[in-house]
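Commentary on secondary and tertiary structure
Listed below, chain by chain, are the residues.
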Amino acid sequence: MVHGLVTIKFFVSPIRVGSSKEGHLSHLAKNLNRMVWVAFVAAAVVGTAATADVSAQSSDEVTFHKDIEPILQRSCQNCHREDSVAPMSLLNYEQTRPWARSIARRTAVGPRQGVMPPWYLEKNIGIQGYKKDPSLTDEEIAMIGEWADNGAPRGNPADAPEPIDWSTGGWTIGEPDLVTVLGDIVMEGGAPDWWGEIESVPVGNTEDRYVEALEFREVNDVLDTEDNRETVGGRFIFHHMIWSTQVLGDNGEQDETRANDTTTGWPVHEVGRNADTFDPKAGRLLAANSSVVSNSVHLHSNGKDTRSHLEIAWKFHPKGYKPTLKNAGRSLGDGLNIDIRPEQKDQQLHAYTVLEEHQKITTFEPHLHAPGDRMCLEAIWGNHIETLSCAGYDHNWVRTYEYLDDTAPLLPKGTILHITGYMDNTAANANIPDPRNWQGSGNRSVTNMFIDLGLGVELSDEQFIEAMEERREVTDWRPGDHIIGCPLCSYTDLRIEDMPGREVEEADDANDANQQ
């Protein structure tokens, strides 16, 4: 048990499913001595230069402790360590050296299926500022390749960075304030997909708290076995869980009299998904004495009989915190018009939605299934069309991309959001079981979904104008500059009465007054 960390675990019945002769001789001897001395000095000079060259070469050589280990600590070890999701640990040289070639190959794949670390945002288009970005620079990728090509030298252990203390559990949100452990589920190796309801479990909080961040982890009994599959989807059995927290009555049912005040919906947990950090001004309420409730859990077999459970880590805002912004989701996707033809790449799907309120878009979260290869998010405001983000996709690692506070799109009411999905139903896509088959929509990984599950916060007219002014200040905006994701930031003289939709609201107010 970590000091300061509260873990709540409830045991429930498991669901199973690297001149003279002498003078001449004397003169000769002197000349020889002189020549030897000159040769010696020359050799010394050359030797010194050579030594200097070797030293310079040595200092420039890419080594594990000096160059590679810091990269692993920042971008790899959170997963590649004992009791985590990756199939091997990369905490030291001995563990890493056998994988040098593989690491060089996987880091150079690009923002596509199979790249490590699993971060698929494209760096040549759209917004580039995101929270918790573990991706490598081009220089780092080249350095790893050089290290592997040169035999993966260890280098001087004195150059090694201080090791990371993983005793707090390795949660990416930092040491949590509370961890809730759900009940065990047993999935048989040959069982079909299962959908259903799990038993509700008390969160363990005895007072109302606002949540700053949360993170899921699946823990099961096949993580340390040698014959597990290499993909995350193959090691874990939870495909997703749609859930909420609710205050339940003594009978285990929702307390209907407090339902509106105590029920909170949370982002969907999906296999390989990273943590959620909510907008600093829009923490979500975790009501006192809440329970985790889900009637939509999807399990899939990993080929072995597996006993598993989920853990939820909670990070709270300080006591007394009150949110000033309202969370907003967006209905952006198409679950019906999916027509993916056999043995074809770059097939496109499209979906649109219109923002009914000003929004700060806080996250972009592509959700596709096995044929999914890429998704782009675009904002359309009048004749202004702009790509906000594009990301590759790998259904073994569902990623949510959180914009930095000073890069998050600020979009006015009436903006059209457009997503384009790119589907690869060919043998080049390792996630496809049989590219000869047509695919349509469905809940299983071998069928398809097409959704952006990203989040945002609603802004009033006053908050929207204030947010644009803050964005201009933090980006050192000058007339003529363009801020990606903020189509109205160039208009410094906007007033409340100029805001989109204001005329309609005023007309409605006038009509209401006349009717009274």
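Just so we're clear, the structure is a prediction, and the values are computed from it rather than from any experiment. Sequence order as written defines residue numbering, which begins from 1 separately in each chain. Reporting in this predicted model follows two pLDDT cut-offs: at least 70 for local features of residues, and 80 or more for side-chain atom pairs to be given and counted; totals over whole chains, interfaces and linings ignore these cut-offs and use all residues. Derived side-chain values reflect all non-hydrogen atoms in the structure, with water molecules and hydrogen atoms excluded from consideration.

In DSSP terms, a helix is any run of H or I states spanning at least four residues, a strand is any run of E spanning at least two, and both are numbered starting from the N terminus. On a plain count of helices and strands, the protein chain comes out with 9 helices and 26 strands. Note on areas: these come from Shrake-Rupley sampling with a 1.4 Å probe, and a residue is covered only by the protein chains present in the view. When the accessible surface of the protein chain is split by element, carbon and sulfur atoms take 51% of a total near 25700 Å².

What follows deals with the nonpolar core. Put simply, buried Ala, Val, Leu, Ile, Met, Phe, Trp, Tyr and Cys residues joined by side-chain atoms within 4.5 Å make one nonpolar core. In this scheme, a residue with accessible area under 20% of its type's maximum is buried, one over 50% is exposed, and one in between is partly exposed, where area comes from a 1.4 Å probe on protein chains only. Leu-377, Tyr-401, Tyr-403, Leu-417 and Phe-450 are the most contacted members of the largest nonpolar core, which totals 31 residues. Of all the secondary structure elements, the ones that give two or more residues to this core are β16 (344-354), β20 (372-381), β21 (384-392) and β24 (416-425). In this description, contact between two residues means that some pair of their heavy atoms is separated by no more than 4.5 Å. Among all residues touching Leu-377, those that are not within four sequence positions of it are Arg-330, Leu-332, Phe-364, Glu-386, Thr-387, Leu-388, Ser-389, Tyr-403, Leu-417, His-418, Ile-419 and Asp-452. The next biggest cluster of nonpolar side chains, apart from the first, holds 28 residues, and it includes Leu-214, Phe-216, Phe-278 and Val-297.

Consecutive side chains along a regular strand alternate between the two faces of the sheet. Within strand β8 (residues 238-247), 9 of the 10 residues are buried, which leaves the element mostly enclosed by the surrounding structure. Any two strands between which DSSP finds at least two bridges are classified as paired. Pairing analysis gives 8 bridges linking β8 to strand β13 (residues 290-299), with the strands arranged antiparallel. Bridge pairing in β13 links Ile-242 to Ser-296. Taken together, the 2 bridges between β8 and strand β10 (residues 269-270) define a ladder with antiparallel strand orientation. What sits directly across from His-240, in β10, is Glu-270.

Whenever a helix is involved, its axis is fitted only over the stretch in contact; in every case the axis is a line through C-alpha atoms, and angles between N-to-C directions fall within 0 to 180 degrees. Where helix α2 (residues 64-75) contacts helix α5 (residues 138-149), the two axes come as close as 11 Å, and the packing angle between them is 130°. By the angle class used here, α2 and α5 are oblique. Regarding α2 and α5, the two cross each other, and that crossing is left-handed. Seen from α2, the contacting residues are Phe-64, Asp-67, Ile-68, Ile-71 and Arg-74; seen from α5, they are Glu-140, Met-143, Ile-144 and Trp-147. Counted by class, the contact of α2 with α5 contains 6 nonpolar, no polar and 3 charged residues. Oblique is the label for every angle not falling under 35 degrees (roughly parallel), over 145 degrees (roughly antiparallel), or within 65 to 115 degrees (roughly perpendicular). If you view the pair so one helix is near and one far, a crossing is left-handed when the near helix is turned anticlockwise from the far one by less than a right angle, and right-handed when it is turned clockwise. Side-chain classes follow a simple rule in which Ala, Val, Leu, Ile, Met, Phe, Trp, Tyr, Cys and Pro form the nonpolar group, Asp, Glu, Lys and Arg form the charged group, and the remainder, Gly included, forms the polar group.

Residues of helix α4 (residues 100-107) that are buried: Ala-100, Ile-103, Ala-104 and Thr-107. All buried residues of α4 lie within an arc of 100° about the axis, which places them on one face of the element. In α4, the exposed positions that point more than 90 degrees away from the buried face belong to Arg-101 and Arg-105. Looking at the buried residues of α4, the elements they touch are α3 (93-96) and α5. Each direction from the helix axis to a C-beta atom contributes to the arc, which is the arc of those directions.

Another aspect to go through is the confidence of the model for the protein chain. Taken as a whole, the protein chain shows an average pLDDT of 85; of its residues, 83% reach a score of 70 or greater. Least confident of the elements in the protein chain is helix α1 (residues 21-60), whose mean pLDDT is 40; most confident is strand β23 (residues 410-411), at 98. On a range of 0 to 100, pLDDT expresses the predictor's confidence in each residue. Counting interchain partners and residues more than four positions distant, the pLDDT-below-50 stretch residues 18-57 has 6 contacts.

Once that is clear, we can look at the sheet that holds strand β26 (residues 455-459). The strand order across the open sheet formed by 4 strands is β15-β26-β17-β23, and the pairing between neighbours is antiparallel. What marks the edges here is a single partner per strand, and that holds for β15 (326-329) and β23. Pairing of strand β17 (residues 358-361) with β23 involves 2 bridges; the strand directions are antiparallel. Paired with Gln-359 across the two strands is Leu-411, which belongs to β23.

Moving on, we get to the state of the cysteines. Cysteine sulfur atoms that come within 2.5 Å of each other are treated as a disulfide pair. Summed over all chains, the structure comprises 2 disulfides. Disulfide partner of Cys-486: Cys-489, at an S-S distance of 1.9 Å. In this structure the cystine formed by Cys-486 and Cys-489 twists about its S-S bond by roughly 75°; its chirality is therefore right-handed. Taken as a pair, Cys-486 and Cys-489 share a single burial class, namely buried. Once the bonded cysteines of the protein chain are numbered in order along the sequence, the disulfide links fall as 1-2, 3-4. Unpaired in terms of disulfides, Cys-76 finds its nearest cysteine sulfur in Cys-79, a separation of 8.8 Å.

As a further point, take the packing of aromatic side chains. Only the six-membered ring of Trp is used, alongside the rings of Phe and Tyr, when aromatic pairs are assigned; centres must lie within 6.5 Å, and planes under 30 degrees apart are stacked while those over 60 apart are edge-to-face, with the rest tilted. Overall, the coordinates contain 13 aromatic pairs when judged by the stated rule. Their ring planes at 50° and their centres at 6.0 Å tell us that Trp-266 and Phe-278 sit as a pair that is tilted. In this pair, Trp-266 is assigned in the loop between β9 (264-265) and β10 and Phe-278 in the loop between β11 (276-277) and β12 (284-286), connecting sequence segments 12 residues apart. Of the two residues, Trp-266 and Phe-278, both sit in the buried class. Following the ring pairs from residue to residue traces out a cluster consisting of Trp-119, Tyr-130, Phe-364, Tyr-401 and Tyr-403. For a lysine, the NZ atom is tested; for an arginine, the CZ atom; a charge sits over a ring if that atom is within 6 Å of the ring centre and within 35 degrees of the ring normal. Above the plane of the ring of Trp-171 lies Arg-217, whose end atom (NZ or CZ) is 3.8 Å from the centre. When the ring centre of Tyr-422 is taken as origin, the NZ or CZ atom of Arg-374, which lies over that ring, is 4.8 Å away.

Turning to the side chain of Gln-73, a few remarks are in order. Along the chain, Gln-73 turns up in helix α2. Ignoring anything within four residues of it in the chain, the contact list for Gln-73 reads Pro-161, Glu-162, Pro-163 and Ile-164.

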